[in-house]
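Tertiary structure, described
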Amino acid sequence: MAAIITAVISAVLVIIDQVIKYFVLGNLHSGDNVPFIGNLLTLTYVENRGAVFGIMQNMSWIFAIITILMVALFFYVIIKKKITNKLFLTSVTLIIGGGIGNLIDRLFRGFVVDYLQLSFFPPVCNFADYCITIGAVLMVVFVLFFSDKKDDKPKRIDSDE
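Scoring rules and cut-offs
Residues numbered from 1 in each chain as written. Predicted model: local features only at pLDDT ≥ 70, side-chain atom pairs only at ≥ 80, totals over all residues. Heavy atoms only, no water. Helix = DSSP H or I, 4+ residues; strand = E, 2+ residues; numbered from the N terminus. Contact = heavy atoms within 4.5 Å. Pairing = 2+ DSSP bridges. Axes fitted to C-alpha atoms, helices over the stretch in contact; angles between N-to-C directions. Core = buried A, V, L, I, M, F, W, Y, C linked by side-chain atoms within 4.5 Å. Buried < 20%, exposed > 50% of the residue type's maximum accessible area, 1.4 Å probe, protein only.

1. Some remarks on the environment of Ile 95
- By the secondary structure assignment, Ile 95 is in helix H3 (residues 86-108).
- For Ile 95, the contacting residues outside a window of four places in its chain are Phe 74, Cys 131, Ile 132, Gly 135 and Ala 136.

2. What to know about the sheet that holds strand S3 (residues 112-118)
- Pairing within the open sheet is antiparallel, and its four strands lie in the order S1-S2-S3-S4. At either margin of the open sheet sits one strand with a lone partner, and together these are strand S1 (33-37) and strand S4 (121-125). On average, each strand axis in the sheet is tilted by 30° relative to the strand beside it, whichever way the strands run.
- The sheet contacts of helix H1 (residues 2-27) involve strand S2 (41-48) and S3, and relative to S3 the element is tilted by about 85°.

3. What to know about the nonpolar core
- Counting 13 residues, the largest nonpolar core has Phe 74, Ile 78, Phe 88, Leu 89, Val 92, Ile 96 and Met 139 as its most contacted members.
- Broken down by secondary-structure element, the contributors of at least two residues to this core are H1, helix H2 (60-80), H3 and helix H4 (127-145).
- At five residues, H3 tops the list of elements feeding residues into this core.
- In contact with Met 139, other than residues within four places in its own chain, are Phe 74, Phe 88, Ser 91 and Val 92.
- Listed in part, the ten residues of the second largest apolar core include Val 24, Leu 28, Leu 41 and Tyr 115.

Below is the structure:
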């Protein structure tokens, strides 16, 4: 059941990402800067042919392969290990949704559509990037503080021991 919920919510994230990118492609031109929320957020259309922050330009095939492998690995772990930890599942759902959103761009456009630029964070990103980033932060929290648990239920403390 956890795998189905993860897949459905990931699909919703992919749809949101692709709808926003469709709007950006239809309404912005390369290099356009449109203030969206005062000086806080600007819509800036960029074709990213690399990875985060534009590194490793024109190597989309590597990121496509990594994304496919990571999605398969996450679903394998969820199903095989029967993981039900909500923090883990939330982080994986965000990473999968964002990863597939950017994978679609890489496969069908040859680049990732970036459009969000925060005044205090200059790189131009997209909804999928923020899903991946938030998911990765949650995964780190899970690994550091919760991954040593053998199950998701609190341990019972008996007074006899």
